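# Coordinate inspection notes
Here are the chains, one letter per residue:
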Amino acid sequence: MSARAGDVLAVAGKPLWRDCETAFARIDELCGDNTSRLFAEPNAKEQEGGRLVVAWFSSFDDEPKRLSELERGKRSRIESNLAACIEALRPALADKEIGETVGAMLNVADEGSIVAVGENAVLTNWGMLPEEARSSRAAFLRHSERTIGPYLPAGMSPRVPGQAWAAVGGFATAGLSPPRRVIAPEATAASTQEAQPTASARHRQAWPIAGLSFVFAACLIYAAWPGNLVYPGALPPPPTAPLVNNEEVNRSLEERIGKIKAELAKAACEADSSVLGPPLDEPGGETENGASGAAGGQAPGPGSAHSLLATLDSATVLVLAPSADSLSTGSGFFVSQKEILTNNHVVEGAGETVFVASKALGRAVPARVVARSAGSETGNPDFALLRVDEAPGNMTPLHLSTEIGRLDSVIAGGFPSFVMSMDSTYRAILNGDTTGISNLEMVVTQGNVMAMPQGGAAKVITHSANISPGNSGGPLSDACGRAVGVNTFIVLDGENVQKLNFSLGASDAIRFLSANGVTVAAADQPCNPATGGAAAAGPAGGSVQ
């Protein structure tokens, strides 16, 4: 293959490909023999103009094949093997001596850099990042999401030397296809002959890959590939204190445990369900075939789990934002009959038209991006307003509520790709088939508000309702089905092996909507899920001025 010398990352001024045998040896020492075989060995010759002719050598005895060339069963095995191989690198990533190097090695130039050699996953073009992918955090995250991101175990990320960027991925073990583009590798005899005489003894069989050229298919509306979800991996701490006070979080959790124990000691009719949270295992809950509703076909009662799910299902949408060569996926929710609120970073790489889909809509419909926040920096206002002219008249938007505090129960709704990639309807939609959209169901997770840090540019809610790539822009609901926040980012704390979930508060969302002509009646009464009183006030009265 041909590459630019400037695209090869360097640690402490030393390009990763220089003396990589030392890195391989240290990886095997820390992680077990042959762990380094995940990385093919480069043999590069520099040409005029800073170009490199590179041949890659693997220790496995078979011909390399792109993942897109494999039949489904084998691809499943290769993807599982790749995730396991990356997981095995965890001790090396944590090592002070080599951690930064291994993190940089996990970057790959493109999707075609991940190949199958027999039954083994192998990375070529590793340690490379195109100049565009290094231009900003958002560009790096988009690139990672399209390449290595789908295979990253929790808490692991490629790294860019000198930057605090981190990409959050997620690997599903069902052998589902990751984002991909068509890439045609071409090999030349000249590059093969030049490179083979100096190949390391570490590898038995050589297979050169030369002249990679990108062949992009026309970006169809639905037949695009999953692209980026901007999920910053690190939140810059305030000058005087960290974003989250762990002592405060622990104190809050201990306080909640005490309150829950006190309520559980009471008779069932006396217990405060706002402390215990909405019951999700009541009779008539979600059935084995995925339907949710009251027993005997009756309408769900106020304050029930079905009522909550029905409210969120009706308002929450999957956002599909195509750009030139990829598709960003995220979530959003109706705040009026035709307006949807989401995150700016979900749609910032797209044009003025995106698409939204949900069971309630019954199909994928175009949505115009009519307003955006000034940016999408972590901790700052990060909103976008979409208008759906073709929305049916029976859409039920969400109330927005500023009445939320520590220990309150919350539910995160949306379409996280890590979970949704297991769903055949979701995969079909990403490939342009929307016939089964009536079966599309969002993912809900429960948790509690842990902290509400002060002093930032936007109000941030720290909570334990798990969110991941794809949740961005979706609602953070209270137990009454009112949106108290917009799911936006997560922080991975490698030192404490901890993940924190963050949503932007409803107060900032209301200000953004108001500034852009959408009036939403904010619900400020306390939530009482036992009666459903707060949720029964009716849909948000959004109207465009």
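Just above, that's the structure.
Everything in this summary refers to the structure shown in the same document.

## Comments concerning helix α5 (residues 137-146)
With respect to burial, α5 is a largely interior element, 9 of its 10 residues being buried. Of all the residues in α5, the buried ones are Arg137, Ala138, Ala139, Phe140, Leu141, His143, Ser144, Glu145 and Arg146. Turning to α5, the residues buried within the fold contact α11 (417-420).

## Looking at the sheet that holds strand β15 (residues 353-357)
Spatially, the 6 strands close up into a barrel ordered β12-β13-β14-β17-β16-β15, and their pairing is antiparallel. Adjacent strand axes in the sheet meet at a mean angle of 40° when their direction is disregarded. The sheet contact formed by strand β16 (residues 364-372) and strand β17 (residues 384-387) spans 4 bridges and is antiparallel. Note on β17: the bridge partner recorded for Val369 is Leu386. Here helix α9 (residues 305-315) sits on the sheet in contact with β12 (316-322) and β13 (327-334), set at roughly 25° to β12.

## Comments concerning the state of the cysteines
Following the criterion strictly, the structure yields 1 disulfide and no others. Across the disulfide, Cys480 is cross-linked to Cys527 (sulfur-sulfur distance 2.1 Å). Here the disulfide of Cys480 and Cys527 is right-handed, its torsion about the S-S bond being about 95°. Of this pair, Cys480 sits in the loop between β22 (475-478) and β23 (483-493) while Cys527 sits in the loop between β26 (522-523) and β27 (543-544), and the two are 47 residues apart along the sequence. Residue class for Cys527 comes out partly exposed when judged on its relative accessible area of 22%.

## Details of the environment of Asp19
One can find Asp19 in the loop between β3 (14-15) and α1 (20-31). At a separation of 2.7 Å, a polar atom in the side chain of Asp19 contacts the side chain of Thr22.

## Looking at the packing of aromatic side chains
Summed over the entire model, instances satisfying the criterion amount to 7 aromatic pairs. Within the aromatic cluster, the residues linked to one another by ring pairs are Trp17, Phe24, Phe39, Trp56 and Trp126.

## Topic: the pairing of strand β14 (residues 339-342)
Neither face of β14 is open: one carries Glu339 and Leu341, the other Ile340 and Thr342, and all of them are buried. Pairing geometry for β13 and β14, over 2 bridges, is antiparallel. Considered in β14, the bridge of Phe334 is made with Ile340. Between β13 and β14, which pair antiparallel one after the other, the connecting turn spans 4 residues. Across 4 bridges, the pairing between β14 and β17 is antiparallel. Paired with Leu341 across the bridge in β17 is Leu385.

## Examining the pairing of strand β19 (residues 409-414)
Taking burial as the measure, the 6 residues of β19 include 6 buried ones, the bulk of the element. What you see with β19 is no split at all: Ser409, Ile411 and Gly413 on one side and Val410, Ala412 and Gly414 on the other are buried throughout. As paired elements, β19 and strand β20 (residues 443-451) share 6 bridges and run antiparallel to each other. The residue of β20 that forms the bridge with Ala412 is Thr445. Sheet topology places β19 next to β22; 3 bridges connect them, and they run antiparallel. Its bridge partner lying in β22, Ile411 is registered against Ser477.

## Thoughts on the sheet that holds strand β8 (residues 120-123)
The strand order across the open sheet built from 3 strands is β6-β7-β8, with neighbouring strands paired in antiparallel fashion. Here the strands that pair on one side only, and so sit at the sheet edges, are β6 (64-66) and β8. Here the strands of the sheet are splayed against their neighbours by 40° on average, with no regard to which way each runs. Relative to β8, strand β7 (residues 114-117) runs antiparallel, the two sharing 4 bridges. Pairing of Val115 across the sheet is with Val122, part of β8. Helix α2 (residues 72-88) rests against β7 and β8 of the sheet, and its axis sits at about 60° to β8.

## With respect to the pattern of salt bridges
Tallied over the full model, the rule gives 19 salt bridges. Glu79 is paired through a salt bridge with Arg75; the nearest N and O atoms lie 3.0 Å apart. Of the two residues, Glu79 and Arg75 are both situated in helix α2; the distance of 4 residues between them amounts to about one turn of the helix. Taking the relative accessible area as the measure of exposure, Glu79 reaches 1% and is therefore buried. Measuring nitrogen to oxygen at the nearest pair gives 3.3 Å for the salt bridge that ties Asp389 to Arg368. In this pair, Asp389 sits in the loop between β17 and β18 (400-401) while Arg368 sits in strand β16, placing the two residues 21 residues apart along the sequence. On the basis of relative accessibility, which here comes to 46%, the residue Asp389 falls in the partly exposed class. In the salt-bridge network here, residues are joined through shared partners; they are Arg4, Asp7, Glu131 and Arg134.

## Description of unusual backbone geometry
Phi is positive for Asn34, close to 75°, though the residue is something other than glycine. Checked against the element boundaries, Asn34 lands in the loop between α1 and β4 (41-46). The class for Asn34 is partly exposed, based on a relative accessible area of 46%. One non-glycine residue, Leu407, lies in positive phi territory at about 80°. Tracing the sequence through the fold places Leu407 in the loop between β18 and β19. When its relative accessible area of 9% is taken as the criterion, Leu407 is described as buried.

The rules behind the values
- Residues numbered from 1 in each chain as written.
- Predicted model: local features only at pLDDT ≥ 70, side-chain atom pairs only at ≥ 80, totals over all residues.
- Heavy atoms only, no water.
- Buried < 20%, exposed > 50% of the residue type's maximum accessible area, 1.4 Å probe, protein only.
- Helix = DSSP H or I, 4+ residues; strand = E, 2+ residues; numbered from the N terminus.
- Contact = heavy atoms within 4.5 Å.
- Pairing = 2+ DSSP bridges.
- Axes fitted to C-alpha atoms, helices over the stretch in contact; angles between N-to-C directions.
- Disulfide = S-S within 2.5 Å.
- Polar contact = N/O pair within 3.5 Å; in protein donor to acceptor, adjacent residues only side chain to side chain.
- Phe/Tyr/Trp six-rings, centres within 6.5 Å; stacked < 30°, edge-to-face > 60°.
- Salt bridge = Lys/Arg side-chain N within 4 Å of Asp/Glu carboxyl O.

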